[in-house]
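# Inside the fold
Now for the letters of each chain:
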Amino acid sequence: MSLSHRRSENKTSLPLSALFKDLLAPIFRRHRLRLLVGLTALIAVDFLQLMIPRILKHGVDALTAGSASPGLLLRLGAAIVAIAVFVVVLRFFWRTLIIGFSRYLERTLRNRIFNRILVMDQPFFEKHSTGDIMAHGSNDLAAVQMACGMGLVAAVDALVMSCAATGFMLHIDMRLTLLALAPMPILAVSTRLLSGRLHHRFNTVQEYFSGLTEFARSTLVSLKLSKAYTLEEIQTREFDRLGRRYASANIRVAAIQGVLWPAATLIGNIGLLVILLFGGTAVIRQELTMGDFVAFVTYLQMLIWPMMAVGWVANLLQRGATALRRIHRLVSAEPLLLDQPSGGSAPPDGPVFAIRNLSFSYPAAQSSQLAGVSFAADREMIGIAGRTGSGKSTLCRLLVRLYPVADGAILLHGRDVNRLSLAEVRDRIAYVSQEPVLFSDTIANNIAFGVDRADPAEIEQAARDAAIDEEIRQFSKGYKTMIGERGVLLSGGQKQRLALARALICRRPILVIDDGLSAVDTATESHIIEALRRRLAGKTVFIVSNRIKLLAMTDRILLFDQGRLLHDAPHDALLQRSDFYQAMYRKQLQEGTEDRRDA
Ligand SMILES: Nc1ncnc2c1ncn2[C@@H]1O[C@H](COP(=O)(O)OP(=O)(O)OP(=O)(O)O)[C@@H](O)[C@H]1O
């Protein structure tokens, strides 16, 4: 395991306070005024509500003493209405301020996650599925937002309300208060026990949601394939299985919540029974006034919400803490491929690329995918060939710095790529990957993606060199044609040629084409290679392919087998030296003859 991965794993075992300090404290600090005003309004609402039982007490005591007048009752009623009006205004304030704060917090965390994802490298995306990342961006963020919004409100509200109501109750009758609150510890203990389980079950819910999202995503992007293989029924069954698994995990969470909430209400009602029994007796014995009794019952009812809130807040905070830990793991992940400061402006020395005894294995792989590969590449066109799985794409990915390599294994103009910044390497290389990636945008914007500004003439020239210009013009909107998500309007070969045009327009000195012409017919391929030769004269071009016609047009060919470079020779020499290459040549020659005969 790499050092940087170990470092990020250590970070995940940080105590919650450290996670808070890193992720949330700066946001709390920035919005402290808004929070202060919001919390003050919230506490003011609590105290205003606590005034109502005292007003009621006056009214009831005056009524039972026979001293009440319509004027007094009207004044007391008006005071209650005035309090209610204040409560409405203040509630509006705390809601917009505190819930608004939680939305700012959510936005800031979302941006932080997004920015982190953008700097992460290929090994990271092999470890974290898209579904996983989407779950962080939706469920986990929502859980943290709830904890810091409604969770904070409920915690402060419950604390203030329970302390103040208990204080008022103690003021009325200490013995009765202790009796009424006696069942409270039962609630605290049961919440404590159940919240552990809740935490575990909530994790399972998140995990299943992530699986479900990932399945839906991969099914949507390969819908055509599913139809071609008539997999709809199997996919539907699998989706249903994942959905049922997710639903039952949620039901298991609901089962615990279903016990927590009614238990709190039950305990509140037991307190009511105690008051009726002991408080009522005290009233009969005239040890307690009728007004105090009514106020006491009202305070106890006011206590039921904070008692229920204990379970709810514990649940929200538990969810928030779990989600925060997961978000922290994501935002503190370190790319394996650490960027370096710029390597300075030393003059170029040696060939464009010098590969020295390059060995490599993927972070997740057990065996090595490249072993002892050495060659040099200058301003020439190099074919890369070999059996499937022999390491051709791996070599391309290492050339464009998608994975870390050992020191001294890849030199660019005589300088170790590990001593150069990622931008210094990548700015020199245009890369066409095996799977063309297109955006839901116009054809012109897809071609011009890698450059700041490109005029139409440049875009069209790149398209002509990639042999796609004529086909683009046949679309009714030409270069302004929108291509759907992943280019649904285009054939496989057209997508590959668009990706090639995008690489060409960058005018970088090195071009790496990883099997990027596999879906293009052989006549068009020859046309492209001729255009590339013209356009890329004096540049370094690597083309992965097993097509003899294409390979024959290159200056030399690197032939791979099981991660080893077997031969490094031009086409004619390779025909003499390699049985595999010769067999491939004969087979394709025969296929070509048959095709011509059929035509
Ligand atoms: N991300 C990865 N993690 C682990 N192993 C990988 C990864 N990508 C490729 N491999 C393995 O590395 C080996 C070389 O793969 P690579 O894609 O370089 O072969 P290739 O010669 O380009 O094959 P093809 O012609 O089929 O594209 C294969 O055994 C493959 O299974």
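Residues numbered from 1 in each chain as written. Predicted model: local features only at pLDDT ≥ 70, side-chain atom pairs only at ≥ 80, totals over all residues. Heavy atoms only, no water.

## Looking at the overall build of the protein chain
Put simply, the test is: Note on conventions: DSSP H or I runs of at least 4 residues are helices, E runs of at least 2 residues are strands, and numbering of each starts at the N terminus. C-alpha atoms define the radius of gyration in this analysis, and the globule rule sets the expected value at 2.2 Å times the number of residues to the power 0.38. A 1.4 Å probe rolled over the protein chains alone gives each residue an accessible area, and that area as a share of the maximum for its type sets the label: buried under 20%, exposed over 50%, partly exposed in between. Note on definitions: a residue-residue contact is assigned when non-hydrogen atoms from the two residues lie within 4.5 Å. Each accessible area is a Shrake-Rupley estimate made with a 1.4 Å probe; only the visible protein chains count as cover when residues are assessed. For the purpose of charge, His is not counted, nor are the chain termini; Lys and Arg are scored as positive and Asp and Glu as negative. Every charge is mapped to an atom, namely NZ of Lys, CZ of Arg, CG of Asp or CD of Glu.
Of regular secondary structure, the protein chain possesses 21 helices and ten strands. Against the 2.2 N^0.38 benchmark of 25 Å for 599 residues, the protein chain shows a C-alpha radius of gyration of 35 Å, more extended than a compact globule. Each principal axis of the C-alpha atoms in the protein chain carries an extent, and together these give about 120 × 50 × 50 Å. Of all 599 residues assigned to the protein chain, the portion counted as buried reaches 45%. Sequence-distant contacts, at least 24 apart, represent 78% of the contacts inside the protein chain between residues at least 6 apart. Total accessible area on the protein chain is roughly 30500 Å²; 60% of this is exposed by carbon and sulfur atoms. Charge-centre separation for the protein chain: the mean point of 70 positive side chains lies 7 Å from the mean point of 53 negative side chains.

## Looking at the nonpolar core
Our working rule: The definition of a nonpolar core used throughout is a set of buried Ala, Val, Leu, Ile, Met, Phe, Trp, Tyr and Cys residues joined through side-chain atoms within 4.5 Å. Boundaries between domains were set according to an automatic or database domain assignment.
Of all hydrophobic cores here, the largest spans 36 residues; its most connected members are Ile 447, Leu 498, Leu 511 and Leu 532. The biggest single contributor to this core is helix H17 (residues 492-505), with seven residues. Residue contributions to this core reach at least three from each of two domains, namely domain 2 (349-428 + 511-524 + 536-599) and domain 3 (432-507). Not counting residues within four places of it along the chain, the set of residues in contact with Leu 532 comprises Met 381, Leu 504, Ile 513, Ala 537 and Ile 543. If you look at the next biggest cluster of nonpolar residues, it comprises 32 residues, including Val 352, Val 400, Val 405 and Ile 429.

## Examining the sheet that holds strand S6 (residues 429-432)
Applied cut-off: We treat two strands as partners when DSSP finds at least two bridges between them. Working convention: axes come from line fits to C-alpha atoms, limited for helices to the stretch in contact. Angles between N-to-C directions cover 0 to 180 degrees.
In space, the six strands of this open sheet follow the order S6-S7-S8-S3-S9-S10, with mixed pairing throughout. Edge positions in the open sheet fall to S6 and strand S10 (564-569), since each of these has one partner strand only. Ignoring strand direction, the axes of neighbouring strands in this sheet form an average angle of 15°. With five bridges joining them, strand S9 (residues 556-561) and S10 adopt antiparallel strand pairing. Pairing of Leu 558 across the sheet is with Asp 568, part of S10. In the packing of H17 onto the sheet, contacts are made with S6 and strand S7 (510-514), and the angle to S6 comes to roughly 180°. Of the strands in this sheet, strand S3 (381-386), S7 and strand S8 (540-544) touch helix H18 (residues 522-535), which is tilted by about 140° from S3.

## Comments concerning the site of the ligand
Selection rule: Note on terminology: near, applied to a residue and a molecule or strand, indicates that one of the residue's heavy atoms is within 4 Å of it. We define a polar contact as two N or O atoms separated by no more than 3.5 Å, with the added condition that, inside protein, one atom must be a possible hydrogen donor and the other a possible acceptor, whereas residues neighbouring each other in sequence contribute only through side-chain atom pairs. Asp, Glu, Lys and Arg are counted as charged, while Ala, Val, Leu, Ile, Met, Phe, Trp, Tyr, Cys and Pro are counted as nonpolar; the rest, among them Gly, fall into the polar class.
In the vicinity of the ligand there are 14 residues, among which Thr 388, Lys 392, Ser 393, Thr 394 and Gln 434 approach most closely. Within the contact set of the ligand, a nitrogen atom lies 2.9 Å away from a side-chain nitrogen or oxygen of Glu 126. Interatomic distance of 2.5 Å between a side-chain N/O atom of Thr 388 and an oxygen atom of the ligand. No other element matches the four residues that helix H12 (residues 392-399) contributes to the shell around the ligand. Considered class by class, the residues forming the shell around the ligand number two nonpolar, eight polar and four charged.

## What to know about the packing of helix H2 (residues 16-30) against helix H4 (residues 70-119)
When two helices pack together, you describe them by how their axes are tilted relative to each other and by the distance separating the axes. Spelled out, the test is: What sets the label is the angle itself: under 35 degrees gives roughly parallel, over 145 gives roughly antiparallel, 65 to 115 gives roughly perpendicular, and the rest give oblique. Each helix crossing is assigned a hand: it is left-handed if the near helix lies turned anticlockwise from the far helix by less than a right angle, otherwise right-handed if that turn is clockwise.
H4 packs onto H2 with a crossing angle of 135° between their chain directions and a minimal axis gap of 10 Å. Relative to H4, the element H2 is oriented oblique. Once H2 is placed against H4, the crossing between them reads as right-handed. Seen from H2, the contacting residues are Asp 22, Leu 23, Leu 24, Ile 27, Phe 28 and Arg 30; seen from H4, they are Phe 101, Leu 105, Thr 108, Leu 109 and Arg 112.

## Remarks on a nonpolar patch on the surface
Heads up, the condition is: A patch is a set of surface residues, each over 30% in relative accessible area and not in a salt bridge, joined within 9 Å for like charges and within 5 Å for the nonpolar side chains Val, Leu, Ile, Met, Phe, Trp and Tyr. The salt bridge definition used is simple: a Lys or Arg side-chain nitrogen within 4 Å of an Asp or Glu carboxyl oxygen.
A cluster of nonpolar side chains, Val 81, Val 85, Val 88, Val 89, Phe 92 and Phe 93, forms an exposed patch at the surface whose accessible area comes to about 580 Å². Relative to the helices and strands, Val 88 resides in helix H4. In this structure Val 88 comes out as exposed when scored by relative accessible area, which is 58%.

## Observations concerning the packing of aromatic side chains
The condition that has to hold: Aromatic rings from Phe, Tyr and Trp, with only the six-membered ring used for Trp, were paired whenever their centres fell within 6.5 Å, and each pair was classed as stacked if the ring planes differed by under 30 degrees, edge-to-face if by over 60, and tilted otherwise.
A complete count under the given rule lists 13 aromatic pairs for this structure. Between Phe 28 and Phe 101, the ring centres sit 4.8 Å apart and the planes meet at 65°, which makes this aromatic pair edge-to-face. In this pair, Phe 28 is assigned in helix H2 and Phe 101 in helix H4, connecting sequence segments 73 residues apart. When sorted by exposure, Phe 28 lands in the same class as Phe 101, which is buried.

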